[in-house]
Structures are given as C-alpha cells and as structure tokens.
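Chains, contacts and geometry: an overview
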Amino acid sequence: MEKIPGRYPGLAAEYNQNLREGNLGRCGKDLFIMAAHLRKEGRRVDELKALMLSFFFDLSGVDSGPAINRSTSKRAADAFSASGIGRHEMEELYTDTIRADTVPRPIMTAKDSLYVFEVCLDGRFEEADEILARFMKHHTENRTGS
C-alpha cells in the first residue's frame, strides 16, 4: 500500500489557506496530494475533480510557468477510466469545476483548457504541448501588443 503524507482534512485546510493567501502554485500541489487520498477512499469522481483543478493550475502557469503536467494527466486518465462516467459527463464535470475566475489571468478559457485536458487524457502529450505553445505565444503577443 502506498504511503500518502498527511490526512485529508489537514490537506484540505492547507489547500484552503493557500487559496486564501493566493499561493496557487502550492494549491495545485495540495490538490495532487488530496487526489491520492480520494483515490484511496475509492472516490474516483472527486479524485478526478481535484486532478482537473491541479491540471488547470499547472496549465495556467501559477507556479513556474504554463506547463502540461504528465503525471497529473496520467492520474486523471486513470481516475476518469475508473470513475464510470462517460465523456460527456466528464466534460460537464470539467466545466463545472473550472471557471473563468479559477485563476487570475488564465492563458486560455475553461473550454479551451478542456480540449487540452482531453488531448492529455488520450495520451497525446506532444500535441498538447504544441497547443499550449500556441496559446502562450498568443498570450504573450497580446500582452506586449506585438
């Protein structure tokens, strides 16, 4: 059995504290660890939601720049597969979980990020990286007025 640091209530409290303080990079990491607890409890849909948020935080670059986190993506694909929900339900879950105000100044909309998430669920990471690079270029050009 894998050893998971901390207890879920403590992790949830830490996540909420980091969220209140605007430490979004830390929030993404908290969610990744919280997802492991949810998996252990058999709460695969809740695990998927936590991983969706963690994925979006990484994608939005709240820690060290926008990135596709392959570990999060692979765990999300496993949670999705084990959850028993269909693709359409997963898409609704994503758009209910990820909102326009989830992070300040996201580089893509929730709908665009859903597409990238689905590409990653299918294991097409090179394609996802290319999409992210195009969004980053567009985002940078719009900020600099180029």
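Here is a short report on the structure shown in this document. (Residues numbered from 1 in each chain as written. Predicted model: local features only at pLDDT ≥ 70, side-chain atom pairs only at ≥ 80, totals over all residues. Heavy atoms only, no water.)

**Digging into the side chain of Ser54**
Selection rule: Put simply, DSSP marks the helices as runs of H or I at least four residues long and the strands as runs of E at least two long, and each gets a number from the N terminus on. Classification of residues uses two cut-offs on accessible area relative to the type maximum, computed with a 1.4 Å probe and protein chains only: under 20% is buried, over 50% is exposed, and between them is partly exposed. Whether two residues touch is decided by their heavy atoms; if any such pair falls within 4.5 Å, the residues are in contact.
By the element assignment, Ser54 lies in helix H3 (residues 44-60). With relative accessibility at 2%, the residue Ser54 sits in the buried group. Not counting the four nearest positions on each side in its chain, Ser54 is found in contact with Gly28, Leu31, Phe32 and Thr72.

**Things to note about the pattern of salt bridges**
Quick reminder of the rule: Salt bridge, as used here: a side-chain nitrogen of Lys or Arg that lies within 4 Å of a carboxyl oxygen of Asp or Glu.
Within this structure, the stated rule accounts for 13 salt bridges. Linking Asp78 and Arg44 is a salt bridge whose minimum nitrogen-to-oxygen distance equals 2.8 Å. You can see Asp78 sitting in helix H4 (residues 70-83) and its partner Arg44 sitting in helix H3, a full 34 residues away along the chain. In this structure Asp78 comes out as partly exposed when scored by relative accessible area, which is 33%. Here Glu118 ties to Arg87 by a salt bridge, and the two come within 3.4 Å at their closest N and O atoms.

**A few points about the packing of helix H1 (residues 8-21) against helix H2 (residues 24-40)**
The criterion, for reference: Working convention: axes come from line fits to C-alpha atoms, limited for helices to the stretch in contact. Angles between N-to-C directions cover 0 to 180 degrees. An angle below 35 degrees is treated as roughly parallel, one above 145 as roughly antiparallel, one from 65 to 115 as roughly perpendicular, and anything else as oblique. Should the near helix be turned anticlockwise from the far one by less than a right angle, the crossing is left-handed, and should it be turned clockwise, the crossing is right-handed. Three residue categories are used. Nonpolar comprises Ala, Val, Leu, Ile, Met, Phe, Trp, Tyr, Cys and Pro, charged comprises Asp, Glu, Lys and Arg, and polar comprises the others, including Gly.
Where H1 contacts H2, the two axes come as close as 9 Å, and the packing angle between them is 160 degrees. Relative to H2, the element H1 is oriented roughly antiparallel. Note on packing geometry: the crossing formed by H1 with H2 is left-handed. Judged by residue contacts, Tyr8, Leu11, Ala12, Glu14, Tyr15, Asn18 and Leu19 of H1 engage Leu24, Arg26, Cys27, Asp30, Leu31, Ile33, Met34, His37 and Leu38 from H2. Here the contact of H1 with H2 is built from residues that sort into eleven nonpolar, two polar and three charged.

**Brief notes about H4**
To be explicit about the condition: Expected helix span is taken as 1.5 Å per residue step, with the number of steps being one fewer than the number of residues. Note that the arc is defined by the directions from the helix axis to the C-beta atoms. In protein, a polar contact means a hydrogen-donor-capable atom and an acceptor-capable atom, both N or O and within 3.5 Å, with residues adjacent in sequence counting only if both atoms are side-chain atoms; elsewhere, any N or O pair within 3.5 Å suffices.
With 14 residues, H4 ought to run about 20 Å at 1.5 Å a step, and its terminal C-alpha atoms sit 19 Å apart, in line with that. Among the residues of H4, Thr72, Ser73, Arg75, Ala76, Ala79, Phe80 and Ser83 are the ones counted as buried. Relative to the axis of H4, the buried residues are bounded by an arc of 165 degrees and lie together on one face. Those residues of H4 that are exposed and angled more than 90 degrees off the buried face are Lys74 and Ser81. Where H4 begins, the side chain of Asn69 points an oxygen toward the backbone nitrogen of Ser71, at a separation of 3.0 Å.

**A closer look at the packing of aromatic side chains**
Put simply, the rule is: Any Phe, Tyr or Trp ring, taking Trp's six-membered ring, that has another such ring centre within 6.5 Å forms a pair; planes under 30 degrees apart are called stacked, those over 60 apart edge-to-face, and the others tilted. Think of it as a cone above the ring: NZ of Lys or CZ of Arg counts as a charge over the ring if it is within 6 Å of the ring centre and within 35 degrees of the ring normal.
Enumeration according to the criterion identifies two aromatic pairs in this entry. Feature note: the residues Phe55, Tyr94 and Phe117 constitute an aromatic cluster, connected by ring pairs. Of note, Arg75 hangs over the ring of Phe32, and the distance from its end group to the ring centre comes to 4.0 Å.

**A few points about the environment of Gly84**
By the secondary structure assignment, Gly84 is in the loop between H4 and helix H5 (87-97). Look at Gly84 and you get exposed, because its relative accessible area is 67%. For the pair Gly84 and Met136, spaced 52 residues apart in sequence, the C-alpha separation works out to 34 Å.

**Digging into unusual backbone geometry**
At Arg105, a position not held by glycine, the phi torsion is positive, near 50 degrees. With respect to the helices, strands and loops of the structure, Arg105 is situated in the loop between H5 and helix H6 (110-121).

That's the geometry; what it means functionally is another story.
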